[in-house]
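Chains, contacts and geometry: an overview
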Amino acid sequence: MVLERPGEPLRAAELPEPAPGPGQALLRVRACGVCRTDLHILDGDLPGRKLPLVLGHQIVGVVEDTAEVDSLTVGDRVGVPWLGWTCGECRYCTNGRENLCREARFTGYDMDGGYAEHVVADARYCLPIPEVYPDLQAAPLLCAGLIGFRCLRMTGDAERLGIYGFGGAAHIVTQVARHQGRRVFAFTRPGDDETQGFAKELGAEWAGASTDEAPEELDAAILFAPAGELVPIALKAVAPGGTVVCGEIHMSDIPRFPYEILWREHILRSVANLTRQDGIDFLRLAPEVPVKTEVAAFPLERANEALALLKSGKARGTIALTIDGKGES
Ligand SMILES: [Zn+2]
Ligand SMILES: [Zn+2]
């Protein structure tokens, strides 16, 4: 499914099978998660980097050709995340912050991604998928899970955790946070009783509208909604010294707010991308929790419907595409 021009639906097309370059493996895609970042690229919120483009950066695939690599074996099942390549030499790459490499290339953005039957990926950025996860359930771990986990880490040892925007990442983070003994407070769109109920099922002790006051002071908050107006709201809800983490790659403008709500050492930060170490750590932790992913499956050719469902905010948990029915569990 190809993006030819931002703002237009994806188009089904027959492309030549991608040929692996040095260090790349050819994968047959089994399932690919649908992420809000895909919507931001599709809608043109993010500057276009490659057209035509195959979206998709939560790829579960099976290695088919290793002529150009020696670290993988034909038949290995691997995950391909958003971070697809880094320079390996800059000051970010050499001090554990490859997520900030200025030369970084991203799957389904700079390089064709997983809304396809085949993809090529740099073998060094392919992650091992825990065996217990079927293809479809594994797909959302690769971005919703990974980015969510990085956001959670940035909250330090916060016990009372607010989560604003309860979609794919939040439904995974809630399970990890509960496993770590944290208390979760979920904030959704006003009137979204269904999502508030879902948050409670997953272990949130309180769920309400993002416009509601938190029932008690929070130690940290994570924003998974791309709505800048939530930033001052979350800062006000968080106790002195607490952190507000913005987990989205794109957000509407943050309204002006008085310095008073930042004062007392509140920390406001974003989380950008992921490192391979985040991937390794999270995929090791997920089966221990165990994280259960709720995934609505769409066949590849219905990718536009899947994206529309994500945009509507009505998806429960996450959405993923299955390819040739092979990702069906
Ligand atoms: Zn993503
Ligand atoms: Zn670098």
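The shown structure was predicted, so the numbers you read here are calculated from the model rather than taken from an experiment. (Residues numbered from 1 in each chain as written. Chains lettered and ligands numbered in written order. Predicted model: local features only at pLDDT ≥ 70, side-chain atom pairs only at ≥ 80, totals over all residues.)

**Notes on the pairing of strand β12 (residues 238–246)**
Direction of pairing for strand β11 (residues 218–223) relative to β12: parallel, over a ladder of five bridges. Across the sheet, Leu223 pairs through a bridge with Cys246, a residue of β12. With respect to chirality, the unit in which β11 leads through helix α6 (residues 230–237) into the neighbouring parallel β12 is right-handed. Across four bridges, β12 lies against strand β13 (residues 267–270) in parallel orientation. Across the sheet, residue Cys246 finds its bridge partner in β13, namely Ser270. (Pairing = 2+ DSSP bridges. Helix = DSSP H or I, 4+ residues; strand = E, 2+ residues; numbered from the N terminus. Right-handed = clockwise from strand over helix to strand, strands pointing away.)

**Focus on the environment of Gly61**
Relative to the helices and strands, Gly61 is located in strand β2 (residues 59–65). Sequence spacing of Gly61 and Asp135 is 74 residues, and the spatial spacing of their C-alpha atoms is 8.1 Å. When neighbours within four sequence positions are excluded, Gly61 is seen to be in contact with Leu27, Arg28, Val29, Arg30, Val78, Val80 and Val119. (Contact = placed C-beta atoms within 7 Å.)

**Concerning the pairing of strand β3 (residues 77–80)**
In the sheet, β2 pairs with β3 via four bridges, with the strands oriented antiparallel. Pairing of Ile59 across the sheet is with Val80, part of β3. As defined by bridge partners, β3 adjoins strand β7 (residues 127–128) across two bridges and the pair is classed as antiparallel. Residue pairing across strands places Gly79 opposite Leu127, the latter belonging to β7.

**Structural notes on helix α8 (residues 303–312)**
Counting along an α-helix, one turn takes 3.6 residues, and residues three or four places apart therefore face a common direction. Of the positions making up α8, those classed as buried are Ala303, Ala306, Leu307 and Leu310. All buried residues of α8 lie within an arc of 95 degrees about the axis, which places them on one face of the element. Of the surrounding secondary structure, the elements contacted by the buried residues of α8 are β1 (24–34), α1 (36–43), β14 (295–299) and β15 (318–322). With its phi angle positive at about 75 degrees, Gly313 sits one or two positions after the end of α8. (Buried ≥ 20, exposed ≤ 12 C-beta atoms within 10 Å, placed from the backbone. Arc of directions from axis to C-beta.)

**Remarks on the nonpolar core**
One broad rule of soluble globular proteins: the nonpolar side chains tend to lie buried together. Membership of the largest hydrophobic core comes to 103 residues, with the highest contact counts inside it found for Ile163, Leu223 and Ala234. The greatest single-element share of this core, amounting to seven residues, is contributed by β1. Both domain 1 (24–142 + 274–322) and domain 2 (155–270) contribute no fewer than three residues apiece to this core. Those residues within four positions of Ile163 in sequence are excluded, and the remaining contacts are Ala170, Val173, Thr174, Val184, Ala186, Phe187, Ile222 and Phe224. (Core = buried A, V, L, I, M, F, W, Y, C linked by C-beta atoms within 7 Å. Domains from an automatic or database assignment.)

**Thoughts on the environment of Ala237**
Locating Ala237 in the fold gives a position in helix α6. By the C-beta count within 10 Å, which is 25 here, Ala237 ends up buried. Remark: the alpha-carbon pair of Ala237 and Asp212, spanning 25 residues in sequence, is separated by 10.0 Å. Apart from the residues within four sequence positions on either side, Ala237 is in contact with Gly162, Ala214, Leu218 and Ala221.

**Brief notes about the sheet that holds strand β10 (residues 206–209)**
The six strands lie next to each other as β10-β9-β8-β11-β12-β13, forming an open sheet whose pairing is parallel. The sheet is open, and its two borders are formed by β10 and β13, each paired with just one other strand. Within the sheet, the average angular offset between the axes of one strand and its neighbour, ignoring direction, is 20 degrees. (Axes fitted to C-alpha atoms, helices over the stretch in contact; angles between N-to-C directions.)

**Focus on the domain arrangement of the protein chain**
Domains assigned within the protein chain are domain 1 (24–142 + 274–322) and domain 2 (155–270). When each unit is reduced to the centre of its C-alpha atoms, the spacing between domain 1 and domain 2 is 25 Å. The interface is formed by 17 residues belonging to domain 1 together with twelve residues belonging to domain 2. With three residues, α1 is the single largest residue contributor to the side of domain 1 that touches domain 2. Classifying every residue of the side of domain 1 that touches domain 2 gives six nonpolar, six polar and five charged. (Nonpolar A, V, L, I, M, F, W, Y, C, P; charged D, E, K, R; others polar.)

**Observations concerning the packing of α1 against α8**
Relative orientation of the contacting elements α1 and α8 amounts to 105 degrees, with a least axis distance of 10 Å. When the axis of α1 is compared with that of α8, the two are roughly perpendicular. Touching Arg36, Asp38, Leu39 and Leu42 of α1 are Leu307, Leu310 and Lys311, all from α8. (Parallel < 35°, antiparallel > 145°, perpendicular 65-115°, else oblique.)

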